[in-house]
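# An overview of the molecular structure
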Amino acid sequence: MRAGPQQTAREDAPAVTKVEPPSWWVGLTPEVLLLLSGRGLEATHVACNLPTLRVSRTQSSAGGNYLFVWLKIGADTKSGTAVCRITAPKGTTSFELPLASRSPTLGKYQGLSPDDAMYLIMPDRFANGDPTNDEPAEAPGTHDRSKPRAYHGGDLRGIKNHLPYLKELGVTALWLTPVVKNGAAQDYHGYGAVDLYAVEPHLGALKDYQDLVTAAHQQGMKILFDVVPNHVGPKHPWVSNPPLPDWFHGTLRHHLDSFSPLKGSFYGKGGGQAPANDPFESLIDPHASARMKRNLTEGWFLGILPDMNTENPVVEQYLLQNSIWWAEISGLDGFRVDTFPYVGRKFWATWHAGLHRLYPYLTTIGEVFHPDPSVTSFFAGGAKHFDGIDSGLTTLFDFPMYFTLRDVLLRNAPVGRIADVLRHDALYVRPEMLVPFFANHDVPRFASADGGSPAKLKLAFGLTLTLRGIPEIYYGDEIGMPGGGDPDNRRDFPGGWIGDANDAFAPSGRTRDQQEIFSYVQSLLRIRHEHAALRGGQLWHLASDELSYVFARESEEERLVVAFNNADQPRELRIPLADTLAEKAGAIELVFGEAKAELAGKEIRMTMPAQSVSIFSLN
Ligand SMILES: [Ca+2]
Ligand SMILES: [Ca+2]
């Protein structure tokens, strides 16, 4: 508002500085909850200029800094911009709410299936498509490629520019770490939100995100949005002035931390060693009191990240709408859900019901950082548990498989542990949707881990891309990128920046070692693409012991055999086929790798090279 001589703004006159959500749609939901920020917002009356919009309820708070407005959107509302007038004791003000028609839904909100292969990108570290946003005016001194915790300049346009590379590699879905606006100079990773309705300016603008989703869809790729309902960043303006007294669990000064009060000995676990996972046991324990769980679900993550009070229905509606807004405005295909166990289960049931009512195919994949499938499976949706709640979650990252693959490949744990993880698939309603992986942005690079080698990296890909589920690959592992723990595991992809010494996006720019692993991963992804059995096929154990695991993947059309040898020497195996799916096989033929196999009576005689994965077709 321009302050003229007739209307000099009084310091305490009402004013709206922010509307969340900033836009909505007609024909989407019967109601939208608006959170207005500003001052003097102790409204006595709110009304909009469209007769089909009805303000059903308002609630002001924090001394008039916030006003909640519940707006009923009549079925016959036309698209356009609503202007709503707020009457308060110290004057009046107004705000606008653009209401758009929904665009066609064809080709959007697709969800994932076992046909997909996922690729995880940290947008700041992948490719710099727009050097003009490297250091936004509002964030001086944040860009420095020499500092591992500063912004490096990668952005959404950089990802869009390299979709052809990702297509050539053979992945079909991209998970981007959070793209919402963050607040601290070291929040390049995206997990410190200060505005849940804006794109981080270092990464681009909303238009860039929309363009990326559209371009990905045009090239047959899907996009996963990394959503974090559990917490916001420490610099979010809500922290010093929350919209409601119970907007967060606790306050900046008085809150629990997220560390479990239980010692390892409570469930008989040996002491001494630092656990490599979060302690979720009490959350799945029907005998555990609320007191044993509260720190995990209501504590501030790492003691610093403000924990949303997801038990508050107003917070619940705000967060659901936020997820709907990102889906509707971009056409995204699914959500990767951060810190899943740290949010109460009733919230998840409501959130998923609200999302799936609008987008039935949308996939949600939860992060449950734990090695035990009896723990992780509890959080998957599709079944009610002792609390009477079905979380609604589509599926999970297969952390038990992650821990096992690293133990087997890097530390020579018994190979049979892979079959041990897989036998727990009975605990899941949809095990074929699990997401096996061997690396992500929170753990040291596989190539640099103790015990790692180029050969072991190939084995990790060989298993991840042939086991059941939707495999996830961490950016750069396909060229063997090195790196230690966070943030060294988040180095810049070589070639993503003008002037980079080598451009690993192009075959001519790859070193011999980079090209070798790239070709290996590309071949595996191509074979996975060509063989339906490797994607959605039933998995059958054929042989498993200390050193090797041989399994079959069976679809209606075909049967494949995958042979993994972890030993330092070649290995011969005789695999009996009586009473297996392969009993009547007449021929076995090599599809990938260098093992040899022949059918002899009712067994396969196989010779596997040292440290190898091979794939056969069985007819
Ligand atoms: Ca940039
Ligand atoms: Ca929480």
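Residues numbered from 1 in each chain as written. Chains lettered and ligands numbered in written order. Predicted model: local features only at pLDDT ≥ 70, side-chain atom pairs only at ≥ 80, totals over all residues. Heavy atoms only, no water.

## Regarding empty space enclosed by the protein
Any space left empty among the atoms is revealed by the rolling of a water-sized probe across them. What counts is decided by this rule: Within this scheme a cavity is a closed region of a 1 Å grid, computed over the protein atoms alone, that accommodates a 1.4 Å probe without allowing it to escape, whereas a pocket is open but has protein on both sides within 12 Å along at least five of seven lines; lining residues each have an atom within 4 Å of a point. Grid points are joined across faces, edges and corners, and a volume is the space filled by probe spheres set on the points. Numbered from the N terminus, helices here are DSSP runs of H or I no shorter than four residues, and strands are runs of E no shorter than two. Residues were grouped as follows: Ala, Val, Leu, Ile, Met, Phe, Trp, Tyr, Cys and Pro as nonpolar; Asp, Glu, Lys and Arg as charged; and all remaining residues, including Gly, as polar.
With the rule as written, the count across this model stands at 3 cavities of 30 Å³ or more. Around the largest cavity, the lining is made up of 15 residues, and of these Val 180, Leu 196, Val 227, Val 228 and Asn 322 lie nearest the centre. Per element, the largest residue contribution to the lining of the largest cavity is 4 residues, and it comes from helix H5 (residues 313–330). Its residues placed into classes, the lining of the largest cavity shows 10 nonpolar, 4 polar and 1 charged. Here the second largest cavity is characterised by a volume of approximately 50 Å³. Every residue along the wall of the second largest cavity is listed here: Ala 380, Gly 381, Thr 394, Thr 395, Tyr 428, Val 429, Arg 430 and Leu 434. Grouping the constituent residues of the lining of the second largest cavity by class yields 4 nonpolar, 3 polar and 1 charged.

## A closer look at the state of the cysteines
Going by this rule: Disulfides are defined in this document as cysteine sulfur pairs within 2.5 Å. Here the term buried applies to any residue with accessible area under 20% of the maximum for its type, exposed to any over 50%, and partly exposed to those in between, with areas from a 1.4 Å probe on protein chains only.
Applying the stated rule across the entire model yields 1 disulfide. Here Cys 48 pairs with Cys 84 through a disulfide, and the sulfurs are 2.1 Å apart. Its S-S torsion of approximately 100 degrees makes the covalent link between Cys 48 and Cys 84 right-handed. Placement of the pair is Cys 48 in strand E4 (residues 45–48) and Cys 84 in strand E7 (residues 80–88), with a sequence separation of 36 residues. Neither Cys 48 nor Cys 84 differs from the other in exposure class; each is buried.

## A word on the nonpolar core
Side chains that are nonpolar tend, in soluble globular proteins, to be buried together. To keep it simple, the criterion reads: Joining through side-chain atoms within 4.5 Å is the link that ties buried Ala, Val, Leu, Ile, Met, Phe, Trp, Tyr and Cys residues into a set, and such a set is a nonpolar core.
Counting 173 residues, the largest nonpolar core has Tyr 119, Tyr 209, Trp 247 and Ile 418 as its most contacted members. Looking at this core element by element, the count peaks at 10 residues for H5. Among the nonpolar cores identified, the runner-up in size contains 19 residues, and Val 561, Ala 563, Ile 588 and Met 606 belong to it.

## A few points about the layout of surface pockets
Considered as a void within the structure, the largest pocket measures approximately 1,600 Å³ in volume. Around the largest pocket, the lining comprises 50 residues; the ones closest to its centre are Pro 275, Ala 276, Asn 277, Asp 278 and Tyr 342. Here the lining of the largest pocket is built from residues that sort into 20 nonpolar, 16 polar and 14 charged. Quantified by volume, the second largest pocket comes out at close to 480 Å³. Lining the second largest pocket are 22 residues, with Pro 454, Ala 455, Lys 458, Glu 516 and Tyr 520 positioned closest to its centre. At the level of secondary structure, the elements contributing two or more residues to the lining of the second largest pocket comprise helix H10 (454–464), helix H11 (512–530) and strand E25 (612–618). Here the lining of the second largest pocket is built from residues that sort into 12 nonpolar, 6 polar and 4 charged.

## Things to note about the coordination of the calcium ion (ligand 1)
Each pair of donors in an ideal four-coordinate tetrahedral metal site encloses 109.5 degrees, whereas pairs in an ideal six-coordinate octahedral site enclose 90 or 180 degrees. Applicable threshold: Distances define the donors: N, O and S atoms within 2.8 Å of the metal qualify, as do those within 3.2 Å of Na, K or Ca. Water is excluded, so some sites may look unfinished. Any coordination sphere not matching a tetrahedral pattern (four donors, all angles between 85 and 135 degrees) or a square planar or octahedral pattern (four or six donors, opposite donors over 155 degrees apart, other angles between 65 and 115) is reported as irregular.
All of the protein donors around the calcium ion (ligand 1) are Asn 128 (OD1), Asp 130 (O), Asn 133 (OD1), Asp 134 (OD), Gly 153 (O) and Asp 155 (OD); their distances to the metal are 2.3 to 2.6 Å. For the calcium ion (ligand 1), the 6 donor atoms in the first shell make angles of 63 to 165 degrees at the metal, a pattern classed as irregular. Mapped onto the polypeptide sequence, the residues donating to the calcium ion (ligand 1) form the spacing pattern N-x1-D-x2-N-D-x18-G-x1-D. Taken individually, Asn 128 and Asn 133 each receive the classification buried, so the pair is uniform in this respect.

## Side note on the sheet that holds strand E21 (residues 571–576)
The following threshold applies: Strand pairing requires that DSSP identify at least two bridges connecting the strands. Lines fitted to C-alpha atoms define the axes, with helix axes restricted to the stretch in contact, and inter-axis angles between N-to-C directions lie between 0 and 180 degrees.
The strand order across the open sheet built from 3 strands is E21-E24-E23, with neighbouring strands paired in antiparallel fashion. Across the chains shown, the open sheet's two edge strands, defined by having one partner strand only, are E21 and strand E23 (596–600). Each adjacent strand pair in this sheet contributes to an overall mean axis angle of 15 degrees, direction not counted. Across 6 bridges, the pairing between E21 and strand E24 (residues 603–608) is antiparallel. Residue pairing across strands places Pro 576 opposite Glu 603, the latter belonging to E24.

## Quick notes on the sheet that holds E25
Where we set the bar: It only takes one pair of heavy atoms within 4.5 Å for two residues to be counted as in contact.
In spatial order, the strands read E18-E19-E20-E25-E22; together these 5 strands make up an open sheet with antiparallel pairing. Looking at which strands have only one partner, the edges of the open sheet turn out to be strand E18 (538–544) and strand E22 (588–592). Across this sheet, the average inter-strand angle for adjacent strands is 25 degrees, counted without regard to direction. In terms of strand pairing, strand E19 (residues 548–554) meets strand E20 (residues 559–565) through 7 bridges, oriented antiparallel. By the bridge assignment for E20, Glu 554 is matched with Arg 559. Its contacts with the sheet put H11 on E22 and E25, and the angle it makes with E22 is roughly 130 degrees.

## Some points on the side chain of Arg 125
Spelled out, the test is: Residues adjacent in sequence count toward polar contacts only when both atoms are side-chain atoms; beyond that, a polar contact is any pair of N or O atoms within 3.5 Å, and within protein one must be able to donate a hydrogen and the other to accept it.
Inspection of the secondary structure puts Arg 125 in the loop between strand E9 (118–121) and helix H1 (156–161). We classify Arg 125 as buried; its relative accessible area is 1%. Within the structure, the side chain of Arg 125 is placed 2.9 Å from the backbone oxygen of Arg 490, a separation counted as a polar contact.

## Section: the coordination of the calcium ion (ligand 2)
At this site the calcium ion (ligand 2) is bound by Asn 230 (OD1), Thr 297 (O), Asp 307 (OD), Asp 307 (OD) and Tyr 342 (O), with donor distances of 2.3 to 2.5 Å. If you list the donors of the calcium ion (ligand 2) from N- to C-terminus, the spacing comes out as N-x66-T-x9-D-x34-Y. Taken together, the residues span a long stretch of sequence, with Asn 230 in the loop between strand E13 (222–227) and helix H4 (290–298) and Asp 307 in the loop between H4 and H5 at a distance of 77 residues. Here Asp 307 falls in the buried class, since its relative accessible area comes to 0%.

## Digging into the confidence of the model for the protein chain
Interpreting fine coordinate detail is not advised for predicted regions of low pLDDT. Selection rule: Along the chain, pLDDT gives the predictor's confidence residue by residue, from 0 to 100.
With 98% of its residues at a pLDDT of 70 or more, the protein chain has an overall mean of 96. Predicted confidence is poor over residues 1–8, with pLDDT under 50, and the contacts of this stretch with residues over four places away or in other chains come to 3 contacts.

## A short note on the pattern of salt bridges
Where charged atoms from two side chains of opposite charge approach closely, those side chains can pair. Spelled out, the test is: A pair is scored as a salt bridge if a Lys or Arg side-chain nitrogen falls within 4 Å of a carboxyl oxygen belonging to Asp or Glu.
Within this structure, the stated rule accounts for 35 salt bridges. The partner of Arg 345 in a salt bridge is Asp 387, and the shortest N-O contact between them spans 2.6 Å. In this pair, Arg 345 is assigned in helix H6 (residues 345–358) and Asp 387 in the loop between helix H7 (373–376) and strand E16 (395–396), connecting sequence segments 42 residues apart. On the basis of relative accessible area, Asp 387 is assigned to the partly exposed category, the value being 29%. Each of Arg 149, Asp 442, Asp 486 and Arg 490 takes part in a single network of salt bridges with overlapping partners.

## Brief notes about the environment of Lys 346
Along the chain, Lys 346 turns up in helix H6. For Lys 346, a relative accessible area of 55% corresponds to the exposed category. Counting along the chain gives 36 residues from Lys 346 to Thr 310, while the straight-line C-alpha distance between them is 8.7 Å. Setting aside its immediate chain neighbours within four residues, Lys 346 contacts Glu 316 and Ile 389.

## A few points about a nonpolar patch on the surface
Condition: Patch membership requires over 30% relative accessible area and the absence of a salt bridge. Like charges are linked within 9 Å, and nonpolar side chains (Val, Leu, Ile, Met, Phe, Trp, Tyr) within 5 Å. Each accessible area value is a Shrake-Rupley result obtained with a 1.4 Å probe; residue values ignore everything except the protein chains displayed when judging cover.
Taken together, the side chains of Phe 259, Leu 302 and Ile 304 present a nonpolar region at the surface, about 310 Å² in accessible area. You can see Phe 259 is positioned in the loop between E13 and H4.

## Here's the deal with helix H8 (residues 399–411)
Operational definition: Each residue after the first adds 1.5 Å to the expected span of a helix.
An ideal rise of 1.5 Å per residue puts 18 Å on 13 residues; H8 measures up with 17 Å between its terminal C-alpha atoms. Within H8, 12 of the 13 residues are buried, which leaves it mostly tucked inside the rest of the structure. When H8 is considered as a whole, its buried residues turn out to be Phe 399, Pro 400, Met 401, Tyr 402, Phe 403, Thr 404, Leu 405, Arg 406, Asp 407, Val 408, Leu 409 and Leu 410. Contacts from the buried residues of H8 go to H7, helix H9 (416–423), H10 and E20.

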